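# Working through the structure, step by step
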Number of protein chains: 2
Amino acid sequence: MTDILIEKILKTSNPTCVGLDTAFEYLPENMRKFCRNFSDVGKAFIDYNVSLIDKLKDVIPAVKVQAAYYEMYGPYGAAAYFATLREAKKAGLVVIADAKRNDIGSTAACYSKAYLGETEVNGVSEPAFPSDYLTVNGYLGSDGIEPFLADCKRCDKGIFVLVKTSNPSSGQFQNRRFASGETLYEAMGALVEEWGSASVGKYGYSDVGAVVGATHPEEAAILRELMPHTFFLIPGYGAQGGKADDLAVCFDARGLGGIVNNSRGILCANKSEKYKGMNYLDAARAAVLDMREDIALSLSRRKI
Amino acid sequence: MTDILIEKILKTSNPTCVGLDTAFEYLPENMRKFCRNFSDVGKAFIDYNVSLIDKLKDVIPAVKVQAAYYEMYGPYGAAAYFATLREAKKAGLVVIADAKRNDIGSTAACYSKAYLGETEVNGVSEPAFPSDYLTVNGYLGSDGIEPFLADCKRCDKGIFVLVKTSNPSSGQFQNRRFASGETLYEAMGALVEEWGSASVGKYGYSDVGAVVGATHPEEAAILRELMPHTFFLIPGYGAQGGKADDLAVCFDARGLGGIVNNSRGILCANKSEKYKGMNYLDAARAAVLDMREDIALSLSRRKI
C-alpha cells in the first residue's frame, strides 16, 4: 500500500494529507442553519466533505478522516464516516482512517476487518469502513497488532502505529527511559520497524507506518535514524504548532518518507487572516498549495 | 458513578459484568439464517442482546459492550451498538462502552462527548452512544485524558484506563522497567490513581478505574497495593484463562474493588459441555450464577 501512497505523493508533488476532522462549526452558515438533529448533521458532513474532496483531489495524495468527529453524532455520524471514506476512495485518494484502535488479538481482528478487510454475512463480503490505512495504538504489544499485519498483507493495506504523538503531554510516558537505555517511543519505534520488515516496497518503505508528531523534531530525527524503512504519518503541522523546517528531518534525500497532515489549517483556512474573503473551498485549495510549497522549500534548504 | 456501580454490585451480590461481544456465529441458527446484509445483522444483534439483557438484568450489575464487534458491520453495526447501550440503560444496568479510545486533547473531547457527554446541534443536545463508563488508552498522557475527566465530573460518569491488559503480549511494553525502577504498568497505574483522586466516593473508590487483566495475578496484586482508590475492570476470566482465585487479590475485605468481565463464557455457554442441552438464554443465566458463586467462594477462602 505504501508504494501506492508514495506514487500519489510523487504525482501531486505533495506529501500533504488533508485531515477531514469535520466539526459542525467549520461548516458554512447555510449548511449549519437547517440542521435539527444528528441525521441532518451527518448529511451536511457528507456534502461538505465531498465538496472538499472534489476541490482538492488533483493536488493531494490522501485524506485522513478522524473518527471521533463522526462518532459524536452516533450511528448517523458513522454513516457520514462511511460515506466520506467511500467518496474519497472513489475520487482516487488514499484514505487513512484515523481511529487509533487497539485491543486484544481476537478483538483487534474485528477492528481490522472493519477498516482494512471485509466482513462476511452468509457468503457475501463487504467493507464496513473502507480504508487504505488505519491508525492503531500499540500499548497492548504484538498480539494486538498481528491481526492488522495479516490483513495488511492479505488486502494490500497499511497501518500507522502511534510512536511519538504530537500532543504536549506525549512525553509523559513516551519519553520515559527504560532501564535498558531506550525510551518508550524508541522501543515502540523499533518494534514498528520490525513489524514492517516483511512488507518493504520498491521505494524502501513498509506498510507498517508510524505516527510521529511534527511538534517534536528532536524525537523525529532519532526515529528517522532508528526506522529507516518506516513511513511516517506526521500530524501537528499548523494549528498545533509544527513547522515545515521541524519535520524536514522525517524525509529522505528524495523527499520521501512521510506524509504531513493538516486539518484545521485547511478546513478553517477561510477564517484565517491570510485567506480572508475567499470561500471555504478556494481557501482550502490555496492553503494546500501554500503548504506544499512550504514543505518543498524546507526540504530544498536542507543539507543531507 | 462508581458509587452507583458498587451499589448495583451489592444489590445483586455479583461483581460480574457480562461482555456483549456479540459475534454473528454466537447467534442461534434461526436468527442467523435470514441475515443477508449488515442491516439484517444489526437488527439480529439488537434482538439477541435485548433477549440476554432481559434474561440477566436481575442478577448482574453491568454490561460491557465491545465496540469492535459492532464496527465490523459499519453504520448498521453502530446503530446496533447504540440500541444495545440504550436498552441496557433502560433495563437499569450500568453500561460500559469498551472502545479503548485515545487521542490528543481536542479529539479526545469529541470521543468524550460521544460516549460520556452529549452532542449539541443548534441548541438541542443528545447522547451519541449513551454509556456510563468508557475504556480509554493512556499512551498519549494526561492531556489526552483530561477531557474525559471533565465529563466524568460534569455528567457523573467514569472511565477505565488500560493499565495491565489481559492479553499474552501485554508485558512487551507494559512490564518493561523504567530507569526510575517502576514498570510502565505501574507508572500508568500511579497516574490513574492520581487522576481519580478528586472523585473518590463513599465506598473509597474513584470514577477513574483501571483495566487489570485476570490473567496476570502478580501484577494485579502490585496494582491493588499501588492504587487503593481505583476500581478495577477485570477482563480475562474464563475463555482467556483467568481464574477466580487469580483475581481475588483485586478485591478488598468487603469484597469490593472490581468488576469481572466474562464475554464468551456467558454468550457461548450453551456450546460448552457444562450447559449442553440448554438454550442460549438459560445457559447464559446459569453461567452467570455459577460465576457469581465461583468468585464468592474464592473471596471467602482468602485470608486478608
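Above this text you will find the structure in question.
These notes cover the structure that comes with them. Only a predicted model underlies this, so the values are computations on that prediction, with no experimental measurement involved. (Residues numbered from 1 in each chain as written. Chains lettered and ligands numbered in written order. Predicted model: local features only at pLDDT ≥ 70, side-chain atom pairs only at ≥ 80, totals over all residues. Heavy atoms only, no water.)

### Thoughts on the overall build of chain A
Scanning chain A from N- to C-terminus turns up 13 helices and ten strands. Considering only residue pairs separated by 6 or more positions, chain A has 71% of its internal contacts joining residues 24 or more positions apart. About 10,900 Å² of surface is accessible on chain A, with carbon and sulfur atoms providing 52% of the total. Each charge class in chain A can be summarised by its mean position, and for the 34 positive and 37 negative side chains these summaries are 5 Å apart. (Helix = DSSP H or I, 4+ residues; strand = E, 2+ residues; numbered from the N terminus. Contact = heavy atoms within 4.5 Å. Areas by Shrake-Rupley, 256 points an atom, 1.4 Å probe, with all protein chains shown as cover. Lys, Arg positive; Asp, Glu negative; His and termini not counted. Charge placed at Lys NZ, Arg CZ, Asp CG, Glu CD.)

### Observations concerning the packing of helix α3 (residues 38-56) of chain A against helix α13 (residues 280-301) of chain A
A pair of packed helices can be characterised by two numbers: the angle between their axes and the separation between those axes. All names here are of chain A. One way to put it is that α3 packs onto α13 with a least axis distance of 10 Å and a crossing angle of 45 degrees. In terms of their interaxial angle, α3 and α13 are classed as oblique. Regarding α3 and α13, the two cross each other, and that crossing is right-handed. Contacts from Y48, S51, L52, K55 and L56 in α3 reach Y280, L281, D282, A284, R285 and V288 in α13. Each residue belonging to the contact of α3 with α13 can be placed in one class, and the counts come to seven nonpolar, one polar and three charged. (Axes fitted to C-alpha atoms, helices over the stretch in contact; angles between N-to-C directions. Parallel < 35°, antiparallel > 145°, perpendicular 65-115°, else oblique. Left-handed = near helix turned anticlockwise from the far one by under 90°. Nonpolar A, V, L, I, M, F, W, Y, C, P; charged D, E, K, R; others polar.)

### Observations regarding the sheet that holds strand β9 (residues 232-234) of chain A
All names here are of chain A. Strand order around the closed barrel formed by eight strands is β1-β2-β3-β6-β7-β8-β9-β10, with parallel pairing between neighbours. Adjacent strand axes in the sheet meet at a mean angle of 30 degrees when their direction is disregarded. Across five bridges, strand β7 (residues 158-164) lies against strand β8 (residues 208-212) in parallel orientation. Paired with F160 across the strands is G209, a residue of β8. In this fold helix α7 (residues 146-155) packs onto β6 (133-136), β7 and β8, with an angle of close to 140 degrees to the strand it touches most, β7. (Pairing = 2+ DSSP bridges.)

### A look at the relation of the copies chain A and chain B
Rotating chain A by 180 degrees about the axis while translating it 0.0 Å along that axis superimposes it on chain B, leaving an RMSD of 0.0 Å. The relationship between the two copies is best expressed as a two-fold rotation axis. A shared binding surface is used by both copies, with 100% of the interface residues of chain A retained as interface residues in chain B. (Least-squares fit on C-alpha atoms with pLDDT ≥ 70 in both.)

### Describing the interface of chain A and chain B
Every contact between the two is made by 73 residues of chain A and, on the other side, 73 residues of chain B. Between chain A and chain B, the buried area comes to about 5,900 Å², and carbon and sulfur atoms account for 59% of it. Contact with chain B buries area across many residues of chain A, yet A:M72, A:Y139 and A:F173 alone supply 15% of it, more than any other trio. At the boundary of chain A with chain B, the tally comes to six salt bridges. Of the charged contacts in the structure, one is a salt bridge between A:R101 and B:E71, with a shortest N-O distance of 3.1 Å. Counting the contacts that link chain A with chain B gives 43 residue pairs in polar contact (both at pLDDT 80 or more). Per-element tally for the side of chain A that touches chain B: the top contributor is helix α6 (residues 105-115) of chain A, with seven residues. Broken down by class, the residue content of the side of chain A that touches chain B amounts to 36 nonpolar, 22 polar and 15 charged. (Buried area = accessible area lost by both parts, 1.4 Å probe. Salt bridge = Lys/Arg side-chain N within 4 Å of Asp/Glu carboxyl O. Polar contact = N/O pair within 3.5 Å; in protein donor to acceptor, adjacent residues only side chain to side chain.)

### Notes on the pattern of salt bridges
As enumerated under the stated definition, the model contains 44 salt bridges over all chains in all. In this structure, the salt-bridge partner of A:R176 is B:E182, at a minimum N-O distance of 2.7 Å. Of this pair, A:R176 sits in the loop between α8 (171-174) and α9 (184-195) while B:E182 sits in the loop between α8 (171-174) and α9 (184-195), placing the two residues on different chains. Via salt bridges that share partners, A:K64, A:D98, A:K100 and B:D103 belong to a single interconnected network.

### A word on the sheet that holds strand β10 (residues 258-262) of chain B
Residues and elements named next belong to chain B. One closed barrel accounts for eight strands, arranged β1-β2-β3-β6-β7-β8-β9-β10; its pairing is parallel. Neighbour to neighbour, the strand axes of the sheet diverge by 30 degrees on average, direction disregarded. Sheet analysis places strand β3 (residues 94-101) next to strand β6 (residues 133-136), joined by three bridges and oriented parallel. Residue R101 lies in a different strand from β6, and its bridge partner there is V136.

### Observations concerning the packing of helix α5 (residues 74-90) of chain A against helix α5 (residues 74-90) of chain B
Relative to each other, α5(A) and α5(B) sit at 165 degrees, their axes nearing to 8 Å. Our classification of the angle between α5(A) and α5(B) gives roughly antiparallel. Between α5(A) and α5(B) lies a crossing whose hand is right-handed. Listed contacts from α5(B) to A:P75, A:A78, A:A79 and A:F82 of α5(A) are B:P75, B:A78, B:A79 and B:F82.

### A word on the packing of aromatic side chains
Residues and elements named next belong to chain B. In the structure shown here, the tally under the stated rule is 19 aromatic pairs over all chains. Between the aromatic rings of F45 and Y73, the centroid separation amounts to 5.4 Å while the plane-to-plane angle is 75 degrees, which identifies the pairing as edge-to-face. Of the two residues, F45 is situated in helix α3 (residues 38-56) and Y73 in the loop between α4 (68-71) and α5; the sequence distance between them amounts to 28 residues. Pair check on accessibility: F45 and Y73 agree, each one buried. Measuring from centroid to centroid gives 5.1 Å for Y48 and Y280, while their planes differ by 20 degrees, and the two rings are stacked. Taken as a pair, Y48 in helix α3 and Y280 in helix α13 (residues 280-301) lie far apart in primary sequence, 232 residues in all. Y280 carries the same exposure label as Y48, and that label is buried. (Phe/Tyr/Trp six-rings, centres within 6.5 Å; stacked < 30°, edge-to-face > 60°. Buried < 20%, exposed > 50% of the residue type's maximum accessible area, 1.4 Å probe, protein only.)

### Comments concerning the environment of A:M278
Of note, A:M278 is situated in the loop between α12 (264-267) and α13. When sequence neighbours within four positions are dropped, the list of residues in contact with A:M278 reads A:N270, A:A283 and A:A286.

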